[in-house]
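Coordinate analysis (summary)
One letter stands for each residue in the lines below.
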Amino acid sequence: MAEETFNDTGILLESGTNELELLEFVVGNQHYGINVAKIRELCPYQPPTPVPNAHEFIEGIFMPRDMLMTVVDLSKALGLPPTGDMSGDMYIITNFNRLHTAFHVQKVLGIHRVSWEDIAKPDSTIAASGKGVATGIAKVAGKIIIVLDFEKIVAEINPETGLKLSEIEGLGERSRRDCTILLAEDSPLLLEMLKKCLTRAGYDHLIPTTNGQDAWNTLDRMIKDGGKVGVDISCVITDIEMPQMDGHRLAKLIKTDSRFEGLPVVIFSSLVNEEMKRKGEALGVDAQLSKPEIGRLVRQLDLLIN
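Note that the structure is predicted; figures quoted are calculated from it, not measured.

Cut-offs and rules
- Residues numbered from 1 in each chain as written.
- Predicted model: local features only at pLDDT ≥ 70, side-chain atom pairs only at ≥ 80, totals over all residues.
- Heavy atoms only, no water.
- Salt bridge = Lys/Arg side-chain N within 4 Å of Asp/Glu carboxyl O.
- Helix = DSSP H or I, 4+ residues; strand = E, 2+ residues; numbered from the N terminus.
- Buried < 20%, exposed > 50% of the residue type's maximum accessible area, 1.4 Å probe, protein only.
- Pairing = 2+ DSSP bridges.
- pLDDT = per-residue confidence, 0-100.
- Contact = heavy atoms within 4.5 Å.
- Axes fitted to C-alpha atoms, helices over the stretch in contact; angles between N-to-C directions.
- Parallel < 35°, antiparallel > 145°, perpendicular 65-115°, else oblique.
- Left-handed = near helix turned anticlockwise from the far one by under 90°.
- Nonpolar A, V, L, I, M, F, W, Y, C, P; charged D, E, K, R; others polar.

So, the pattern of salt bridges
Scanning the entire structure with this criterion turns up 16 salt bridges. A salt bridge links K143 to E24; the nearest nitrogen and oxygen atoms lie 2.9 Å apart. Placement of K143 in strand 11 (residues 143–148) and of E24 in strand 2 (residues 19–27) is noted, with a sequence separation of 119 residues between them. By relative accessible area, K143 is classed as partly exposed at 30%. Linking K38 and E151 is a salt bridge whose minimum nitrogen-to-oxygen distance equals 2.9 Å. Of this pair, K38 sits in the loop between strand 3 (30–35) and strand 4 (39–44) while E151 sits in helix 2 (residues 150–157), and the two are 113 residues apart along the sequence. K38 sits in the buried class, given a relative accessible area of 2%. For E151, a relative accessible area of 15% gives the class buried.

Encoded structure:
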């Protein structure tokens with residue numbers, strides 16, 4: 001496959017459709033998937049330059065067009081045996097959390113347009129103890145495709161890419177905020193870290209949900225039970241990528257429902273780039289911040305809620 005760039009492709013310009021473009025690829029004999037929104041480009045494999053004393057998942061570094069980036073061997077990250085023939089191997093070069101990373105895979109098969117409703121969340125046996133790296137399971141043309149948590153793989157290599165409690169401590173002494181914030185985040189690890197950071201920042205009345213559908217059901221039930229915006233619910237913080245319903249669809253439902261007039265919606269996601277910002281603006285979200293900038297998120301909450 002020739003080098004292919006994913007910048008400004010015009011994919012899914014419409015916002016809030018609850019769809020994604022899923023790139024299918026192979027590592028070992030298993031089929032995996034990644035959201036095209038995370039991909040900068042694809043290029044043929046070339047042996048990287050080894051780095052002494054690097055993490056076991058790091059195969060080395062390479063520099064396409066004067067851009068130095070780390071190569072992650074996905075077979076090692078997934079605990080799979082190496083393959084002998086590398087003739088068809090590819091690099092999937094990603095762009096999320098403001099990092100460019102090259103993931104070494106065996107084969108790239110193509111792109112599928114799917115609905116988040118058709119992506120099942122892995123059950124507790126797959127994601128036991130927060131160690132799983134699958135964020136969703138999709139069935140496309142009779143094949144099972146495991147959607148991987150690339151952020152978690154990168155965070156395991158370099159924990160500094162994750163949320164840092166030190167950013168909250170750097171804000172100084174803070175008083176308790178008497179308001180309720182709903183969180184929509186499908187990663188159990190990130191959800192717990194988000195709760196811990198916000199609680200330390202004084203926002204300790206939190207309603208955690210694991211995807212957009214769960215969040216929407218919670219909000220809908222709250223209003224039907226007599227709850228009021230600004231009293232019983234003060235803000236929604238949502239990720240973008242989530243099974244069942246993504247953050248853009250959740251934001252669209254909230255912003256087009258008069259019952260939630262005045263309810264701030266904040267997108268907190270590794271996918272906040274220029275294209276995603278345009279989508280969020282079209283939906284009317286109140287703020288968009290990139291993980292792992294938890295300090296900026298707290299300062300934005302202070303402005304929106306106060």
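As for the pairing of strand 3
By the bridge criterion, six bridges tie strand 2 to strand 3 in an arrangement that is antiparallel. Pairing of F25 across the sheet is with Y32, part of strand 3. The antiparallel pairing of strand 2 with strand 3 creates a hairpin that spans two residues between the two strands, and G28 there sits at a positive phi of about 65°. With two bridges joining them, strand 3 and strand 11 adopt parallel strand pairing.

Examining helix 2
With respect to burial, helix 2 is a largely interior element, six of its eight residues being buried. Along helix 2, the residues that are buried comprise F150, E151, K152, I153, V154 and I157.

Digging into the confidence of the model for the protein chain
Taken residue by residue, the protein chain gives an average pLDDT of 87. The fraction at 70 or more is 91%. Low pLDDT, under 50, characterises residues 1–5; the predicted model gives this stretch 15 contacts beyond four residues in sequence or across chains. Long-range and interchain partners of residues 7–13, a stretch whose pLDDT sits below 50, account for 13 contacts in this model, where long-range means more than four residues apart.

Description of the sheet that holds strand 14 (residues 235–238)
Reading across the sheet, the five strands line up as 13-12-14-15-16 and stay open at both edges, with parallel pairing between neighbours. Each edge of the open sheet carries a strand with a single partner, namely strand 13 (206–209) and strand 16 (287–290). Strand-to-strand twist of the sheet, defined as the mean angle between neighbouring strand axes without regard to direction, takes the value 20°. As paired elements, strand 14 and strand 15 (residues 265–269) share three bridges and run parallel to each other. Bridged to V236 within strand 15 is V265. This element, helix 4 (residues 188–200), spans strand 12 (181–184), strand 13, strand 14 and strand 15 of the sheet and lies at about 170° to strand 13.

Considering the packing of helix 6 (residues 247–255) against helix 7 (residues 274–283)
Where helix 6 meets helix 7, the axes come as close as 9 Å, and the angle between the chain directions of the two elements is 20°. By the angle between their axes, helix 6 is roughly parallel relative to helix 7. For helix 6 against helix 7, the interelement crossing comes out right-handed. Contacts between helix 6 and helix 7 involve H248, A251, K252 and K255 on the former and, on the latter, M276, K279, G280 and L283. A per-class count over the contact of helix 6 with helix 7 returns three nonpolar, two polar and three charged.

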